[in-house]
Amino acid sequence: MYRSLAEVARRAGAALVPLLVVAAPAPVAAWAASAADAREASGAPTIGEVTVTARRRAEPARDVPFAVTTLDATTLAIERVDDTQALFRRVPGLSLTSFDDGRFAYFQLRGIGPLSQAISPDDGSVVTYLDGVPQPVYASEAAYLDLERIEVLRGPQGTLFGRNSQGGALNLVTRPPGPVPAARVRTEAGTDRYALAEVAASGPLDGERWTAAIAARASTVDGRVPNVAPRGGALGDREVAALRGTLVHTPGAADGPRWAFTAHADRQDSRPYYYVRRDEPRGAVELDPENRVRRTAWGAHASGRVPLRGLELHSITAVNGFDNEQFTDDTDGLIYGPLFGLSPAAFLPPASFSDWREDERRLYQELRASSAAGAAAAWTAGVAYFRSEFEVELDNRSSFSPFLNGDRDASQTIDSLAAFGELSHALGPRLEGALGARWTRDEKRLRATFAGLGFPGTVARFEERGERVYELWTGRASLRWSPIPAATLYATAGRGAKSGGFPRFTLSAALGLPSRAYAASTSWTWEAGAKLRPAGRGLRLDLAAFANSVRDEQLFVLDFVSF
């Protein structure tokens with residue numbers, strides 16, 4: 001535990017100070033708002049119908065013809081869903097493969113997703129969207145800062161939400177700034193030197209035409225995995241700092257044109273533990289030097305909505321990406337000692353290590369039109385362009401494996417075009433049908449070089465070039481029937497797909513062989529369910545049955561014979 005509150009303030013505040021200069025002038029309002037939030041949170045929350053944008057338009061969750069788990073702002077606060085780790089523990093059917101650093105985190109939903117780990121920066125089956133903008137796969141693990149709600153959309157979402165949402169999507173919706181000034185302050189402290197500090201403020205800048213919001217958080221926690229190396233301590237330390245700012249312009253009435261501009265950054269510094277021997281009684285590792293990772297994710301986007309007669313036009317323009325610096329000791333003596341029949345001390349200093357530098361730069365542009373609210377037929381149609389530039393520099397050293405020895409530089413580029421649309425229309429009394437489809441064309445290019453270090457059987461240098469084109473069709477058809485206002489029955493069939501590509505590890509280059517491209521994965525999902533909302537009962541009951549059929553999913557494994 002901490003010796004004093006001063007130490008709590010020092011550790012959490014030290015990480016926040018660089019981020020919060022602009023938020024300093026509102027302490028009184030912040031404390032008042034925090035007290036009001038606490039009074040609201042102390043009462044029993046009421047259960048009401050949540051409005052979601054699971055089909056890119058606002059509608060009650062009961063009208064969506066597939067399963068949606070929604071966590072509103074009150075639930076997020078009460079249950080302290082502050083990040084990716086907390087979310088997956090809260091949502092049934094959502095799995096997370098994590099190696100305790102900010103990049104090695106991959107979602108699976110209803111069993112669909114990368115097996116073991118993602119093969120490439122484009123190998124994600126459950127995509128995270130922040131205000132409609134797809135986030136990098138290698139930045140899936142992030143702080144959830146000042147959100148209005150989280151929507152977990154189950155089943156293929158490639159019709160309206162875009163590329164690779166084969167298993168589903170996480171739709172994160174930030175809290176918009178309002179015309180009334182508001183502020184919050186939150187602090188926490190606990191065991192293992194855990195500390196958290198968070199502030200948020202929003203309000204008008206020029207009447208109701210310009211409003212703004214800023215939010216920031218810093219947290220820190222010590223590790224609990226013993227490192228028995230002579231200079232070891234414990235692994236699992238993590239420090240996180242996150243910041244987001246939003247500016248909204250509403251030139252006229254609230255239901256008129258609206259423009260929003262948002263920028264965010266999320267940095268994680270960690271000392272991860274990737275592997276621990278299953279039968280190690282102490283649950284310990286032996287690493288010298290210790291693993292270390294610094295990952296910074298960032299993004300900015302501008303979105304606009306322009307109502308016209310009978311329809312609305314929407315635009316999203318976004319840039320985002322991440323930077324990753326990572327050093328790992330690849331020969332834990334407690335694992336490799338018994339494997340080679342040697343003392344664990346023989347692997348100090350390490351016989352194998354990896355020094356990584358990675359970054360990705362992404363551009364996203366979406367234009368879509370949709371029916372106006374209340375139209376007899378609800379429809380959405382649009383086009384999207386996506387570009388990704390991924391760079392990796394990997395320096396490996398090994399005394400026993402040609403595949404873990406040498407220096408590799410690689411770049412991958414993706415250019416993607418898509419057109420999509422979906423139509424919902426009444427088919428009879430209380431019966432609605434919906435049909436949608438999306439066409440996606442991905443062009444992928446790989447440029448890579450390998451420089452050997454004289455390991456027996458390896459080449460001195462190898463260069464490879466690769467290009468692939470993938471055309472994918474995804475879509476969804478559904479029926480929704482409401483026999484009574486309190487009950488909705490639905491059936492949905494959806495086709496999902498995840499683009500193929502090139503592996504991030506060009507391991508075969510050590511033998512002078514090019515990397516094989518992996519195939520696109522396709523799937524069909526069938527789902528039937530019921531959503532019940534008994535009037536006056538304060539109860540929601542959602543039931544769903546589903547079946548998945550997946551083809552050509554990829555499995556990433558390590559061969560402990562050839563390494």
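Sequence order as written defines residue numbering, which begins from 1 separately in each chain. A pLDDT threshold of at least 70 governs which residues receive local features in this predicted model, and a stricter bar of 80 or more applies before side-chain atom pairs are shown or counted, although totals over entire chains, interfaces and linings include all residues. Note: side-chain values were computed over all heavy atoms of the structure, leaving out hydrogens and water.

Attention now goes to the pairing of strand β3 (residues 68-72). When a residue's accessible area, from a 1.4 Å probe over protein chains only, is under 20% of the maximum for its type it is buried; when over 50% it is exposed; and in between it is partly exposed. Secondary structure elements follow DSSP: runs of H or I of four or more residues count as helices, runs of E of two or more count as strands, with numbering from the N terminus. Counting buried positions along β3 gives 4 out of 5 residues, so the element sits mostly inside the fold. By the convention used here, strands pair only if DSSP detects at least 2 bridges between them. In the sheet, β3 pairs with strand β8 (residues 147-154) via 5 bridges, with the strands oriented antiparallel. Within β8, the position partnered with Asp72 by the bridge is Arg149.

So, about a nonpolar patch on the surface. Nonpolar side chains (Val, Leu, Ile, Met, Phe, Trp, Tyr) within 5 Å and like charges within 9 Å form the patches, drawn only from residues with over 30% relative accessible area and no salt bridge. Where accessible areas are quoted, they stem from the Shrake-Rupley method and a 1.4 Å probe; at the residue level, only the protein chains shown are allowed to cover. Salt bridges, as used here, are contacts in which a Lys or Arg side-chain nitrogen is within 4 Å of a carboxyl oxygen on Asp or Glu. Judged by side-chain polarity, Leu339, Phe340, Leu342, Leu558 and Phe560 come together as a nonpolar surface patch covering roughly 460 Å² of accessible area. Along the chain, the position of Phe560 falls in the segment after β26 (541-551). Here Phe560 falls in the partly exposed class, since its relative accessible area comes to 46%.

So, on to unusual backbone geometry. Following Asp288, the chain continues to Pro289 via a peptide bond in cis, the omega torsion being 5°. Within the secondary structure, Pro289 sits in the loop between β16 (258-270) and β17 (292-308). In this model, Leu348 is joined to Pro349 through a cis peptide bond whose omega is 0°. Positive phi values are uncommon outside glycine, yet Asp146 reaches one of about 50°.

Attention shifts here to the pairing of strand β20 (residues 378-398). Note: strand β19 (residues 352-371) against β20, 19 bridges, orientation antiparallel. By the bridge assignment for β20, Tyr364 is matched with Phe386. Remark: 6 residues form the turn of the hairpin made by β19 and β20, two consecutive strands paired antiparallel; Gly374 in that turn has positive phi of roughly 90°. Note that β20 and strand β21 (residues 406-428) share 19 bridges and pair antiparallel. Residue pairing across strands places Ser388 opposite Ile414, the latter belonging to β21.

On to the side chain of Glu198. Looking at the element boundaries, Glu198 is found in strand β11 (residues 194-206). With a relative accessible area of 5%, Glu198 lands in the buried category.

Most often, soluble globular proteins keep nonpolar side chains buried together rather than apart. Take the buried residues of types Ala, Val, Leu, Ile, Met, Phe, Trp, Tyr and Cys, join any two whose side-chain atoms come within 4.5 Å, and each joined set is a nonpolar core. Ranked by size, the top nonpolar core spans 20 residues in total, and within it Phe104, Tyr106 and Tyr138 carry the most contacts. Broken down by element, the residue count for this core peaks at 3 residues, all from β20. In this view, Tyr106 contacts Ser95, Leu96, Thr97, Pro114, Ser116, Gln117, Ala118, Val137 and Tyr138; residues no more than four positions away in its chain are not counted. By definition, residues are in contact when any of their heavy atoms lie within 4.5 Å.

Taking strand neighbours across the sheet as the criterion, the 5 strands line up as β3-β8-β9-β6-β7 in an open arrangement whose pairing is mixed. Two strands in the sheet have a free side with no partner beyond their single neighbour: β3 and β7 (133-134). Here β8 pairs with strand β9 (residues 168-174) via 7 bridges, running antiparallel. Along β9, the bridge assignment pairs Ile150 with Leu172.

Quick look at the side chain of Gln166 now. Within the fold, Gln166 resides in the loop between β8 and β9. Classification of Gln166 as buried rests on a relative accessible area of 0%. In terms of polar contacts, Gln166 uses its side chain to reach the side chain of Ser521, at 3.3 Å. Those residues in contact with Gln166, other than ones at most four positions away along the chain, are Ile112, Ser125, Gly155, Pro156, Gly496, Ala497, Lys498, Ser521, Thr522, Ser523, Val550 and Glu553. Each polar contact in these results corresponds to two N or O atoms within 3.5 Å; when the atoms are within protein, one needs to be able to donate a hydrogen and the other to accept it, and residues that are neighboring in sequence are counted only if both atoms are side-chain atoms.

So, about the pattern of salt bridges. By the definition in use, this model includes 53 salt bridges. Of the charged contacts in the structure, one is a salt bridge between Asp63 and Arg480, with a shortest N-O distance of 3.4 Å. Of this pair, Asp63 sits in the loop between β2 (59-60) and β3 while Arg480 sits in strand β23 (residues 461-484); the two residues are 417 residues apart in sequence, bridging distant segments of the chain. On the accessibility criterion, Arg480 (12% relative accessible area) is buried. Across the salt bridge formed by Arg397 and Asp407, the nearest N and O atoms sit 2.8 Å from each other.

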